[in-house]
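Architecture and fold: a report
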Amino acid sequence: MIILVQSPAITALWALAAALVPSMQKGNETARNLHIALNAVNVLLFVWQIPTGIDIVFKVFEFTTWP
C-alpha cells in the first residue's frame, strides 16, 4: 500500500528537481542545493520500494511456467 504513495511522490520530486535546472544554469546555489536534496530524498524513496518489488518479482516467478 505504501508503494502507491511513494511512486507519485517520486514522480513529483523528479518534476520539482527538473524545474530547478534553469535556475541552476543561471548560477543559483540555493536551487542547486535544493535539487540535490530533492534527488537524495528521491533515491531514498526508490530504495525503500526495493523489498516490496523483489517480493512481487519472486511471486511472479513462482507462478510462471518457463519454456
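Residues numbered from 1 in each chain as written. Predicted model: local features only at pLDDT ≥ 70, side-chain atom pairs only at ≥ 80, totals over all residues. Heavy atoms only, no water.

**Focus on the overall build of the protein**
Counting its secondary structure elements, the protein contains three helices and zero strands. Ordered by position from the N terminus, the helices and strands of the protein form the series α-α-α. Computed over its C-alpha atoms, the radius of gyration of the protein comes to 17 Å, more than 25% above the 11 Å expected for a compact globule of 67 residues. Principal-axis analysis of the C-alpha atoms gives the protein an extent of 55 × 25 × 15 Å. Residues classed as buried in the protein amount to 16% of the 67 residues present. (Helix = DSSP H or I, 4+ residues; strand = E, 2+ residues; numbered from the N terminus. Rg over C-alpha atoms; globule rule 2.2 N^0.38 Å. Buried < 20%, exposed > 50% of the residue type's maximum accessible area, 1.4 Å probe, protein only.)

**Looking at the confidence of the model for the protein**
When pLDDT is averaged along the protein, the result is 91, and 96% of the positions lie at 70 or above. Summarising per-element confidence for the protein, the mean pLDDT is lowest in helix α1 (residues 3-19) (90) and highest in helix α2 (residues 21-25) (97). (pLDDT = per-residue confidence, 0-100.)

**Topic: helix α3 (residues 29-62)**
The end-to-end C-alpha distance of α3, which contains 34 residues, comes to 50 Å, matching closely the 50 Å that a straight helix rising 1.5 Å per residue would cover. A maximum bend of about 35 degrees is found in α3 at Ile-50, where proline Pro-51 lies one to four positions downstream. When we look at burial in α3, the residues that qualify are Ala-31, His-35, Leu-38, Asn-42, Leu-45 and Gln-49. Two to three positions downstream of the cap, the backbone nitrogen of Thr-30 sits 3.0 Å from a side-chain oxygen, assigning the N-cap of α3 to Asn-28. (Expected span 1.5 Å × (residues − 1). Bend = angle between axes of the 7 residues up to and from the residue. Polar contact = N/O pair within 3.5 Å; in protein donor to acceptor, adjacent residues only side chain to side chain.)

**Re the side chain of His-35**
By secondary structure assignment, the location of His-35 is in helix α3. What makes His-35 buried here is its relative accessible area of 18%. With residues up to four places along the chain from it excluded, the contact list for His-35 reads Ala-17, Leu-20, Val-21 and Met-24. (Contact = heavy atoms within 4.5 Å.)

**Here we look at the nonpolar core**
Inside soluble globular proteins, nonpolar side chains tend to come together where they are buried. Counting seven residues, the largest nonpolar core consists of Ile-10, Leu-13, Ala-17, Leu-20, Ala-31, Leu-38 and Leu-45. Not counting the four nearest positions on each side in its chain, Ile-10 is found in contact with Asn-42, Leu-45, Phe-46 and Gln-49. (Core = buried A, V, L, I, M, F, W, Y, C linked by side-chain atoms within 4.5 Å.)

**A look at the side chain of Gln-6**
Among the secondary structure elements, Gln-6 is positioned in helix α1. Residues contacting Gln-6, with those up to four places away along its chain left out, are Leu-45, Trp-48 and Gln-49.

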